[in-house]
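Below are the chains, spelled out letter by letter.
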Amino acid sequence: NANGTIRTTSGGRGDGPGEFQNLNLVAPYAGDSILAWDSRSRRVTILTPDGATARTWTLAREQPFVPEVVQGSGQAETTRPSDAVGVFGDGTLLVTAPARVLFDPGVPFRREVTYLRVSGEGALITSLGSYIEDEAASITYAQGTAAGARVASPPRPVYPQPVLHAASGNRFSVAPGGAYQLAVHDQEGDTLHWIRATDVDLTMTEEAKGAYRQSRR
């Protein structure tokens, strides 16, 4: 509750209903319910206020929604499954589309992150736009063999600061890695404004602070 007292506990480690393996997102949902996203089992679970499992659905690893593909000339590849990353106030979800990246070992490349708005049952509502991540590279490690020879392992991508994201109310925000700026969008994907780092003195008056707090209620 608001005083920090535990009201109830729910779930445990496992594959069954109401059990989890790797919780990546826990967020308030419709009414007083709670949404929990398990990225390993690919399962969305809706919990009642007393912690009981109300319903579940699975987000397929390779969604047919919007095939997000970043092309390279392609001697190696890496993939990223779709991921639930936020919940809007109306119960729809902010989801990143799956990605397949083809790249050349040792040659820098960039991934594209495409955002989708999905219903509480997993159906696509709309695509919300894309962001390009910072430049990434790949490393090939030397591996030993029983005969003592050295062979190259498959190249592994090395990513810089990832794109960060969050959803709340009827908005979602995206911060491209390392860019020191934040883009704020509505849940239809339209850009509302940008927030950027600055060294200008932005001291706020008490009146401005009060107006901001009032606008967030």
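Read on for an overview of the structure. (Residues numbered from 1 in each chain as written. Predicted model: local features only at pLDDT ≥ 70, side-chain atom pairs only at ≥ 80, totals over all residues. Heavy atoms only, no water.)

**So, the overall build of the protein chain**
Part 1 of the reasoning: Regarding its fold elements, the protein chain presents 1 helix and 19 strands.
Part 2 of the reasoning: Residue pairs at least 24 apart in sequence account for 42% of intrachain contacts in the protein chain once pairs closer than 6 positions are excluded. (Helix = DSSP H or I, 4+ residues; strand = E, 2+ residues; numbered from the N terminus. Contact = heavy atoms within 4.5 Å.)

**What to know about the sheet that holds strand 10 (residues 112-118)**
Part 1 of the reasoning: With respect to topology, 4 strands assemble into an open sheet ordered 7-8-10-11, the strand pairing being antiparallel. In this open sheet, the two strands that pair with only one neighbour each are strand 7 (83-87) and strand 11 (124-132). The mean inter-strand angle of the sheet, taken between neighbouring strand axes irrespective of direction, is 25°.
Part 2 of the reasoning: With 4 bridges connecting them, strand 8 (residues 93-96) and strand 10 associate as antiparallel partners. Note on strand 10: the bridge partner recorded for Leu93 is Val118. (Pairing = 2+ DSSP bridges. Axes fitted to C-alpha atoms, helices over the stretch in contact; angles between N-to-C directions.)

**Notes on the nonpolar core**
Part 1 of the reasoning: Ranked by internal contacts, the top residues of the largest apolar core, which has 16 residues, are Leu25, Leu35, Val44, Val87 and Leu93.
Part 2 of the reasoning: If you list the elements that add at least two residues to this core, you get strand 1 (23-28), strand 2 (34-38), strand 3 (43-47), strand 7, strand 8 and strand 10.
Part 3 of the reasoning: With near-sequence residues (within four places) excluded, Val44 lies in contact with Leu35, Ala36, Trp37, Arg55, Thr56, Trp57 and Leu93.
Part 4 of the reasoning: Core analysis: the second largest hydrophobic core is formed by 12 residues, Val85, Tyr131, Ala167 and Phe172 among them. (Core = buried A, V, L, I, M, F, W, Y, C linked by side-chain atoms within 4.5 Å. Buried < 20%, exposed > 50% of the residue type's maximum accessible area, 1.4 Å probe, protein only.)

**Some remarks on the pattern of salt bridges**
Part 1 of the reasoning: Under the defined criterion, the tally for this structure stands at 2 salt bridges.
Part 2 of the reasoning: Notably, a salt bridge pairs Arg117 with Asp90, separated by 2.8 Å at the nearest N-O pair. On the criterion of sequence distance, the pair formed by Arg117 in strand 10 and Asp90 in the loop between strand 7 and strand 8 is long-range, its members being 27 residues apart.
Part 3 of the reasoning: Classification of Asp90 as partly exposed rests on a relative accessible area of 45%.
Part 4 of the reasoning: Across the salt bridge formed by Arg117 and Glu188, the nearest N and O atoms sit 3.0 Å from each other. With Arg117 in strand 10 and Glu188 in the loop between strand 18 (181-186) and strand 19 (191-196), the pair connects residues that are 71 residues apart, well separated along the chain.
Part 5 of the reasoning: Taking the relative accessible area as the measure of exposure, Arg117 reaches 7% and is therefore buried.
Part 6 of the reasoning: A relative accessible area of 45% means that Glu188 is categorised as partly exposed.
Part 7 of the reasoning: Beyond isolated ion pairs, a larger network of salt bridges with shared partners links Asp90, Arg117 and Glu188. (Salt bridge = Lys/Arg side-chain N within 4 Å of Asp/Glu carboxyl O.)

**Considerations on the packing of aromatic side chains**
Part 1 of the reasoning: All told, the structure shown has 3 aromatic pairs when counted by the stated rule.
Part 2 of the reasoning: Site record: aromatic cluster; members linked through ring pairs are Phe88, Tyr115, Tyr131 and Phe172. (Phe/Tyr/Trp six-rings, centres within 6.5 Å; stacked < 30°, edge-to-face > 60°.)

**Quick notes on the sheet that holds strand 19**
Neighbouring strands of a sheet are bound in pairs by backbone hydrogen bonds; such pairs are parallel or else antiparallel.
Part 1 of the reasoning: If you trace the 4 strands from one edge of the open sheet to the other, you get 16-17-18-19, paired in antiparallel fashion. Only two strands of the sheet have a single neighbouring strand rather than two, namely strand 16 (164-168) and strand 19. Averaged over neighbouring strand pairs, the angle between their axes works out to 15° when direction is ignored.
Part 2 of the reasoning: In this sheet, strand 19 lies alongside strand 18 in antiparallel orientation, the contact comprising 5 bridges. In the sheet register, Ala183 faces strand 19, and the bridge partner there is Trp194.

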